[in-house]
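A look at the structure
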Amino acid sequence: MRPLFRPRTRPQAAFISFRGGEHFGDSPSVELGNGCHIQVSQIVLPNPQEPSGVTTAYYSYSYALSSNIDEDWILRYDYVPGKAADPEYNYPVAHVHFNGTSAAYDGFYMPGKRPLYKLHCPTERIAIESFIEHLIIELKVPTHGDRDEALAFLAESRREFHEKLRTK
Amino acid sequence: MADIVEQNGYPSIEPIEVSDEELREEIAREAEARLDMTYEEFVEAYREGTLPDTLAVNDLVILLRFLELSGGIPA
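Residues numbered from 1 in each chain as written. Chains lettered and ligands numbered in written order. Predicted model: local features only at pLDDT ≥ 70, side-chain atom pairs only at ≥ 80, totals over all residues.

1. What about the pairing of strand 7 (residues 94-98) of chain A?
Residues and elements named next belong to chain A. Where strand 6 (residues 73-79) meets strand 7, five bridges bridge the pair, whose relative direction is antiparallel. Within the sheet, the bridge partner assigned to D78 lies in strand 7 and is H95. In this structure, strand 7 lies alongside strand 8 (residues 121-122), joined through two bridges in antiparallel fashion. In the sheet register, V96 faces strand 8, and the bridge partner there is C121. (Pairing = 2+ DSSP bridges. Helix = DSSP H or I, 4+ residues; strand = E, 2+ residues; numbered from the N terminus.)

Below you can see the structure in the form of structure tokens.
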């Protein structure tokens, strides 16, 4: 996992990203054991409601079926809570984009229709554990250790995540 | 590059501390390499909402927002 940037002017904030290279742009995605590529970025800030905790100010989780991630990406989960206050932003702050095709969608008429991949399909805020679990279960990404133990670890970590959300 | 160290048995990442100027330089380098745009062109297109909807753009916009959130003015 690299890089993790922390601004000198605001040392509590951090930009966290999983990259395939030593420097930011060397390899923006990470190849997994089944050949698909993921791209994960988060910005975390101090949580004003919990001084010892952090809050996610932004995330983007995506995966592609080749190293050509700009062309071959399938799903991209975004969370942009800062957009909630933007009157020109009319979409859910937590959403998923699907880079697929649909003959039915292509043939359906509506004014101002956007390409299918540009639709912001609403989601809840997605824990990174759910994204990784999806990769293991649906895309058959191999785990380093025991698969069941990995899934149990993710489930427990996600339970803690939801528990914290509920108690806020 | 962030150094990976062990902490309580788990890998831990030592963060890279960066100034606003270093972040701007990183964005400029990536905008040039991945989008064939200057930093100024990238920021202007971001503000005008004319950037293409690609993962490369999304990747760099996150870094630009981080610069904004950390108090650095993008341009």
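Following the structure, the description resumes.
2. A look at the nonpolar core
F15 and Y58 of chain A together with I27, L60, L63 and F66 of chain B are the most contacted members of the largest nonpolar core, which has 33 residues in total. Counting only elements with at least two residues in this core, the list comes to strand 2 (14-18), strand 4 (37-47), strand 5 (50-64) and strand 6 of chain A together with helix 1 (20-35), helix 2 (39-48) and helix 3 (55-69) of chain B. (Core = buried A, V, L, I, M, F, W, Y, C linked by C-beta atoms within 7 Å. Buried ≥ 20, exposed ≤ 12 C-beta atoms within 10 Å, placed from the backbone.)

3. Some remarks on the domain arrangement of chain A
According to the domain assignment, chain A contains domain 1 (4-125) and domain 2 (127-168). Opposite the eight residues of domain 1 of chain A that make contact, domain 2 of chain A presents eight residues. (Domains from an automatic or database assignment. Contact = placed C-beta atoms within 7 Å.)

4. Description of the environment of Q39 of chain A
As for its placement among the helices and strands, Q39 of chain A is situated in strand 4. Q39 of chain A sits 34 residues away from W73 of chain A along the chain, and the two C-alpha atoms are 9.8 Å apart.

5. A closer look at the environment of I69 of chain A
Within the secondary structure, I69 of chain A is located in helix 1 (residues 69-72). Here the alpha-carbon distance between I69 of chain A and V54 of chain A, two residues 15 residues apart in the chain, equals 30 Å. Beyond its immediate stretch of four places on either side in the chain, I69 of chain A contacts P28, S29, H37, Q39 and A64 of chain A together with L55 of chain B.

6. Considering unusual backbone geometry
Unusually for a residue other than glycine, K140 of chain A sits at a positive phi of about 60 degrees. Along the chain, the position of K140 of chain A falls in the loop between helix 3 (128-138) and helix 4 (147-167). Even without a glycine there, the phi angle at D36 of chain B is positive, about 55 degrees. Following the sequence through the fold, D36 of chain B ends up in the loop between helix 1 and helix 2.

7. As for the packing of helix 1 of chain B against helix 3 of chain B
Residue and element names in this part refer to chain B. Where helix 1 meets helix 3, the closest approach of the two axes is 10 Å, and the angle between their N-to-C directions is 165 degrees. Classified by the angle their axes make, helix 1 and helix 3 are roughly antiparallel. Judged by the sense of rotation from one axis to the other, the crossing of helix 1 with helix 3 is left-handed. Across the interface between the two elements, D20, L23, R24, E26, I27, E30, A31, R34 and L35 of helix 1 pack against A56, V57, L60, L63, L64 and L67 of helix 3. Partitioning the contact of helix 1 with helix 3 into residue classes produces 10 nonpolar, no polar and five charged. (Axes fitted to C-alpha atoms, helices over the stretch in contact; angles between N-to-C directions. Parallel < 35°, antiparallel > 145°, perpendicular 65-115°, else oblique. Left-handed = near helix turned anticlockwise from the far one by under 90°. Nonpolar A, V, L, I, M, F, W, Y, C, P; charged D, E, K, R; others polar.)

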